[in-house]
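As a plain string of letters, each chain reads:
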Protein chains: 2
Amino acid sequence: MVGETTHFTLEESQIPSAWFNVVPSMPTPPSPPIHPGTKQPVGPDDLAPLFPMALIGQEVTTDEWVDIPGPVMDVYRMYRPTPLVRARRLEKQLGTPARIYYKYEGVSAAGSHKPNTAIAQAYYNQAEGVKRIATETGAGQWGSAMAMACAFFDLECQVYMVRASYDQKPGRRVMMQTWGARVLPSPSEETAAGQAILAEHPDSAGSLGIAISEAVEDTAKREDTKYCLGSVLNHVLLHQTIIGLEAKAQLAKADDTPDVVIGSVGGGSNFAGLAFPFVPDKTTGGKDIRFIAVEPTACPTLTEGAFEYDFEDTAETTPLLEMYTLEHRFIPPPIHAGGLRYHGDAPLLCRLVKDQVIEAVAYPQSKVFESAIQFARAEGIIPAPESAHAVRAAMDEALACKETGEDKAILFGLSGHGLLDLGAYESYLRGDLMDS
Amino acid sequence: MVGETTHFTLEESQIPSAWFNVVPSMPTPPSPPIHPGTKQPVGPDDLAPLFPMALIGQEVTTDEWVDIPGPVMDVYRMYRPTPLVRARRLEKQLGTPARIYYKYEGVSAAGSHKPNTAIAQAYYNQAEGVKRIATETGAGQWGSAMAMACAFFDLECQVYMVRASYDQKPGRRVMMQTWGARVLPSPSEETAAGQAILAEHPDSAGSLGIAISEAVEDTAKREDTKYCLGSVLNHVLLHQTIIGLEAKAQLAKADDTPDVVIGSVGGGSNFAGLAFPFVPDKTTGGKDIRFIAVEPTACPTLTEGAFEYDFEDTAETTPLLEMYTLEHRFIPPPIHAGGLRYHGDAPLLCRLVKDQVIEAVAYPQSKVFESAIQFARAEGIIPAPESAHAVRAAMDEALACKETGEDKAILFGLSGHGLLDLGAYESYLRGDLMDS
């Protein structure tokens, strides 16, 4: 079926020119967000203070394709198409008849898939006259992508970074500053939300919930500013589908199609970006693809959460979303895959899990790092701890094929490299890394 | 001349299948290495305890092309072809009529160009039955590449890492350990050379000279072990020519050829890898290409050194090479571009500088970081401090074109990203970074 090719490349002209919207392919349409005060569906006017109209439109569109604007394509071209690599050395080491492919987003300058949507969001904001972006970040993956995108579109960027990461993991903070962003440790003195926390807990280490509150407050009080979010929302997932669309074109060059598609899930945009373009092949095309969403056992949203309306944030200020959730006050233990520590997940993804189009599994981090190191020694790339969850699941699928003798095609998303997370590898190699 | 393309890709099948040897294109052939004891040219027997015969053969070959073995190609395919990108956003910001292209080697899993030769060296050693590699590293760029390559070819890897970096810059040490290498801080208790230093200076921070002595001693006393070096020698430069050969093929797709080729120089392998495949166009093809080797003013080997025979190491145990040198006991100040702190340079490069085929410039690190940040904000990628020297020179050439109105094609080598060097960026952004 495939020759000896390892690295499937595309010409720049083959980068997809439209994003894919999964909504028309869903067995059940997604439920609308609900206003926390009125309990009515949220309308464009409710969102207009936070987001530009173009993104609000993408949030509710039922069009299957959304054209990628030229200025966004111009920036995508700086690092896209990203590689699709057949993991031949790993296959050999596992002794599996399966074909393992990984789509690698770590070649972006920020080292992850996050720029795919950060660039689009920066563009639409600039196009509508916005001058300044406020956002939050935990360990810094999202904040760094947004900082870079703002540099490309001449936007000021204000990032509220959870203080624990600001102090202890300076790497991505310095990246943001290099790209010109202003980074404040959260809680900060610049917002009422931050001041209130600091008055009670002067040494607060912060949380993503607090940082969201600060960024939203910052946005609300300034005319020139809008807010950006790095996952969960429909328009974010839409922008990430560039990943799966490219992978599809690259697999076509291999004359192959996936039997299994695997990605790690924090808020859901990485998984959705890879998987959603393949969903119609299952829901309407008749190929029984398995979609596996991988999460940490420390934050088992899809595998153990309830499917219900819940808040996106701790402070109950955002619209309610219908999703799998561990409850918005849930605080997961401090695992190394900081990007997977979210109590809920993207509504589009959750609906597809609910309708059994997508399945979910959870792994403890010790198993995840064990596989990450095996992958690094076979394929070179040291995976981000988040991405390593997908590595583990792909290896388990490949080993299952060894048992059954099936020669499945397994596609997984390697959403980023771990070069800013080497402390986690050191901890694992020393034997200090615990499962919670 | 060129369309709107930004990202010039190649098919995997277009990866060059042979390395290019510059020797036949040189106006003056290189002088041989001299034995430190006999003062006679060094022969294969002198080198056999350290290197496998295949690499010794490559060290002295006058063939213009050397086939890349299949198992090396198999590994190259995991990250090659690397991108050639037209820096359109930077051109626009500079307002230059020049076309600026950069060849980016930071997409390798080690984040630099070093794997191109590490993989080849690991292969040839394994092919001749070697079981174990000993090498040294300063900040860890070379050690990490060698550790990864040893994982691919099932070789044990022992790295002597300068203690100052081992203690203060754990990132690349953890990378080496993740890939399975054993890393010791140098000076160590495992060699007589290390013990002698520690007896006198128990708190010694180490040096590259000491680490080389330890790795060579380790090799000499074990039958199963050979030694690997990351730059300077002819075979190392040969392996790196994959960079320039790919760039040439990519520029051909742009229907363009370079007027200026720029690279940073530590030992010379990065520069040579990009530039040497273009040398015949000048020496025999009649195109007056300018080749610019860029070094730090803190270690101005080519711009201020003497052209003479000198030792490669501090301890005077290695053969003497004819090269530009600041004298083998010279200790450069501790600049952030640790990979450019070498007293000499590759003999092939030095001979071409002596014969005025290649010119050299030097920049202080403050100017280099200034340009690195401008580049990061325009093009995304945060350059390694070493690579940023080439960025600075490319920008100066582009600005000169703005003055003269010339629409030159400028090609520079972006040898790696700076994600393991963010402390240097933090220092610059804080205003702490000094020129020595």
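Residues numbered from 1 in each chain as written. Chains lettered and ligands numbered in written order. Predicted model: local features only at pLDDT ≥ 70, side-chain atom pairs only at ≥ 80, totals over all residues. Heavy atoms only, no water.

## Re the pairing of strand β11 (residues 290-296) of chain A
Residues and elements named next belong to chain A.
- Across the seven residues of β11, six count as buried, placing the element largely inside the fold.
- Judged from the five bridges that link them, strand β10 (residues 260-264) and β11 form a sheet pairing that is parallel. Bridge pairing in β11 places serine 264 opposite valine 294.
- Bridge analysis of β11 against strand β14 (residues 359-363) gives five bridges, and the strand direction is parallel. Each residue of the ladder has a partner; that of isoleucine 292, found in β14, is glutamate 359. (Buried < 20%, exposed > 50% of the residue type's maximum accessible area, 1.4 Å probe, protein only. Helix = DSSP H or I, 4+ residues; strand = E, 2+ residues; numbered from the N terminus. Pairing = 2+ DSSP bridges.)

## Some points on the relation of the copies chain B and chain A
- Superposition of chain B onto chain A requires a rotation of 180 degrees combined with a translation of 0.0 Å along the rotation axis, giving an RMSD of 0.0 Å. Expressed as an axis order, the relation between the two copies is that of a two-fold axis. Residue B:Val107, judged by its C-alpha, is the member of chain B lying nearest the rotation axis, at 2.9 Å. (Least-squares fit on C-alpha atoms with pLDDT ≥ 70 in both.)

## Observations concerning empty space enclosed by the protein
- Scanning the model with the defined rule gives six cavities of 30 Å³ or more in all.
- Roughly 470 Å³ of internal volume is contained in the largest cavity.
- Residue lining of the largest cavity: 45 residues in total, with A:Pro83, A:Val107, B:Pro81, B:Pro83 and B:Val107 positioned closest to the centre.
- Contributing elements (two or more residues each) for the lining of the largest cavity: β1 (7-8), β5 (99-104) and α6 (141-152) of chain A together with β1 (7-8), β5 (99-104) and α6 (141-152) of chain B.
- A class-by-class count of the residues in the lining of the largest cavity yields 31 nonpolar, 12 polar and two charged.
- When its volume is computed, the second largest cavity comes out at roughly 160 Å³.
- Lining the second largest cavity are 19 residues; nearest its centre among them are A:Tyr104, A:Gly106, A:His417, B:Gly106 and B:His417.
- When the residues that make up the lining of the second largest cavity are grouped by side-chain class, the tally is 12 nonpolar, seven polar and no charged. (1 Å grid on protein atoms, 1.4 Å probe; cavity = no way out; pocket = protein on both sides within 12 Å on 5 of 7 lines; lining within 4 Å. Points joined across faces, edges and corners; volume = space filled by probe spheres on them. Nonpolar A, V, L, I, M, F, W, Y, C, P; charged D, E, K, R; others polar.)

## Points about the packing of aromatic side chains
- Considering all chains together, one arrives at 24 aromatic pairs over all chains under this definition.
- With centroids separated by 5.3 Å and ring planes inclined at 75 degrees, the aromatic side chains of B:Tyr102 and B:Phe375 adopt a geometry described as edge-to-face. Linking B:Tyr102 in strand β5 with B:Phe375 in helix α16 (residues 365-379), this pair joins segments that are 273 residues apart in sequence.
- Its relative accessible area of 0% is what places B:Tyr102 among the buried residues.
- Ring centres 6.0 Å apart and planes at 75 degrees place the aromatic pair B:Phe375 and B:Phe412 in the edge-to-face group. One end of the pair, B:Phe375, is in helix α16; the other, B:Phe412, is in strand β15 (residues 409-414), with 37 residues separating them in the sequence.
- Under the relative-accessibility criterion, B:Phe375 is labelled buried at 0%.
- We classify B:Phe412 as buried; its relative accessible area is 1%.
- Each residue in the set A:Tyr102, A:Phe375 and A:Phe412 is aromatic and connected to the rest through ring pairs, giving one cluster.
- Between A:Arg86 and the ring centre of A:Tyr101, over which it is positioned, the NZ or CZ distance is 6.0 Å. (Phe/Tyr/Trp six-rings, centres within 6.5 Å; stacked < 30°, edge-to-face > 60°. Lys NZ or Arg CZ within 6 Å of the ring centre and 35° of its normal.)

## Here we look at helix α11 (residues 234-253) of chain B
Residue and element names in this part refer to chain B.
- With 20 residues, α11 should reach 28 Å at 1.5 Å per residue; the first-to-last C-alpha distance of 30 Å fits that figure.
- For α11, the principal kink sits at glutamine 240 and spans about 30 degrees.
- Downstream of α11 by a residue or two, aspartate 255 has a phi angle that is positive, lying close to 55 degrees. (Expected span 1.5 Å × (residues − 1). Bend = angle between axes of the 7 residues up to and from the residue.)

## Focus: the pattern of salt bridges
- Inspection of the entire model under this criterion finds 54 salt bridges over all chains.
- Put simply, B:Glu11 and A:Lys253 hold a salt bridge, and the shortest N to O gap is 2.9 Å. Of this pair, B:Glu11 sits in the loop between β1 and β2 (18-20) while A:Lys253 sits in helix α12 (residues 242-253), placing the two residues on different chains.
- Taking relative accessible area as the criterion, A:Lys253 reaches 36% and is therefore assigned partly exposed.
- Residue A:Glu316 pairs with A:Arg329 through a salt bridge whose shortest N-O separation is 3.0 Å. Of this pair, A:Glu316 sits in the loop between β12 (306-311) and β13 (320-325) while A:Arg329 sits in the loop between β13 and α16 (347-354), and the two are 13 residues apart along the sequence.
- We classify A:Glu316 as partly exposed; its relative accessible area is 36%.
- Residues joined by salt bridges that share partners form a network here, namely A:Arg80, A:Lys103, A:Glu105 and A:Glu246. (Salt bridge = Lys/Arg side-chain N within 4 Å of Asp/Glu carboxyl O.)

## Considering the side chain of B:Asp310
Residue and element names in this part refer to chain B.
- When you line up the elements, aspartate 310 lands in strand β12 (residues 306-311).
- One buried charged side chain, aspartate 310, makes no salt bridge at all; its nearest oppositely charged neighbour is arginine 329, positioned 6.9 Å away.
- Looking at aspartate 310, its side chain comes within polar contact range of the side chain of threonine 325, at 2.7 Å.
- Aside from chain neighbours lying at most four places away, what touches aspartate 310 is Pro319, Leu320, Leu321, Met323, Thr325, Glu327, His328 and His343. (Lys, Arg positive; Asp, Glu negative; His and termini not counted. Polar contact = N/O pair within 3.5 Å; in protein donor to acceptor, adjacent residues only side chain to side chain. Contact = heavy atoms within 4.5 Å.)

## Some remarks on unusual backbone geometry
- Going from A:Ser186 to A:Pro187, the amide bond is cis rather than trans, its omega being 10 degrees.
- Mapping A:Pro187 onto the fold places it in the loop between β8 (182-186) and α9 (192-200).
- Note that the residue after B:Arg80, namely B:Pro81, is joined by a cis bond; omega there is -5 degrees.
- Relative to the elements of secondary structure, B:Pro81 occurs in the loop between α3 (70-76) and β4 (84-86).
- A positive phi angle, near 70 degrees, is found at A:Val232, a position not held by glycine.
- Turning to its location among the elements, A:Val232 is positioned in the loop between β9 (225-227) and α11 (234-240).
- Note on A:Val232: relative accessible area 5%, which makes it buried.
- With phi around 90 degrees, B:Glu327 is a residue other than glycine that occupies positive phi space.

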